[in-house]
Amino acid sequence: MLQLKSILNVIDNSGAVWAECIRVLHGGKYARIGDEIVVVVNKAKANAVATASGVPKVKKGDVRHALVVRARKETMRPDGRYVRFDDNACVLLNKQGEPLGTRVLGVVSGELRQKRWMKLLSLAPKVV
């Protein structure tokens, strides 16, 4: 469960490293795996991948939408098992709701399949 001021790792190749949650978009207080949030980039890579115009995709202080793909808080699966991750992680989204990066650099949760994020599942190296 993520809330205001929660710190997340960014696991795509957009150039961001850490992001801080500043808003949960579905109206509740907490965000879970598969929820959209608004984040501010706290740390970005200096040699980030640039767009065609030479401007980096993200820089420190940028406000972006993101999707929660891993959470430390355990989540119960329909068969009764619980799954919990070692960190909180997100993937940055563009204005159309598509992933900003072209690669996902880590494991993502299988709950994204139930929330219809198939594009992200296809980019991920492993789904747990």
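Residues numbered from 1 in each chain as written. Predicted model: local features only at pLDDT ≥ 70, side-chain atom pairs only at ≥ 80, totals over all residues. Heavy atoms only, no water.

(A) How the structure looks around the overall build of the protein chain. The helix and strand tally for the protein chain stands at two helices and nine strands. Starting at the N terminus, the α and β elements of the protein chain follow one another as β-β-β-β-β-β-β-β-α-α-β. Its C-alpha radius of gyration of 14 Å places the protein chain within 12% of the 14 Å reference for a compact globule of 128 residues. Its C-alpha atoms give the protein chain principal-axis dimensions of about 50 × 30 × 25 Å. Across the 128 residues that make up the protein chain, the buried fraction comes to 45%. Positive and negative side-chain charges of the protein chain, numbering 23 and 11 respectively, have mean locations separated by a distance of 2 Å. (Helix = DSSP H or I, 4+ residues; strand = E, 2+ residues; numbered from the N terminus. Rg over C-alpha atoms; globule rule 2.2 N^0.38 Å. Buried < 20%, exposed > 50% of the residue type's maximum accessible area, 1.4 Å probe, protein only. Lys, Arg positive; Asp, Glu negative; His and termini not counted. Charge placed at Lys NZ, Arg CZ, Asp CG, Glu CD.)

(B) Spotlight on the sheet that holds strand β4 (residues 63-70). Reading around the circumference, β1-β2-β3-β4-β7 is the order of the five strands in this closed barrel, with mixed pairing throughout. Pairs of neighbouring strands in the sheet enclose a mean axial angle of 55°, with direction left out of account. Across seven bridges, strand β2 (residues 16-24) lies against strand β3 (residues 36-44) in antiparallel orientation. Considered in β3, the bridge of Ala19 is made with Val41. (Pairing = 2+ DSSP bridges. Axes fitted to C-alpha atoms, helices over the stretch in contact; angles between N-to-C directions.)

(C) Layout of the state of the cysteines. A full pass over the atoms with the stated rule returns zero disulfides. Among the cysteines around Cys21, which has no disulfide bond, Cys90 carries the closest sulfur, lying 9.1 Å off. When its relative accessible area of 0% is taken as the criterion, Cys21 is described as buried. (Disulfide = S-S within 2.5 Å.)

(D) How the structure looks around the pairing of β4. Across five bridges, the pairing between β3 and β4 is antiparallel. Pairing of Val40 across the sheet is with Val63, part of β4. With five bridges connecting them, β4 and strand β7 (residues 89-93) associate as antiparallel partners. From the neighbouring strand, Leu67 faces β7, where its bridge partner is Val91.

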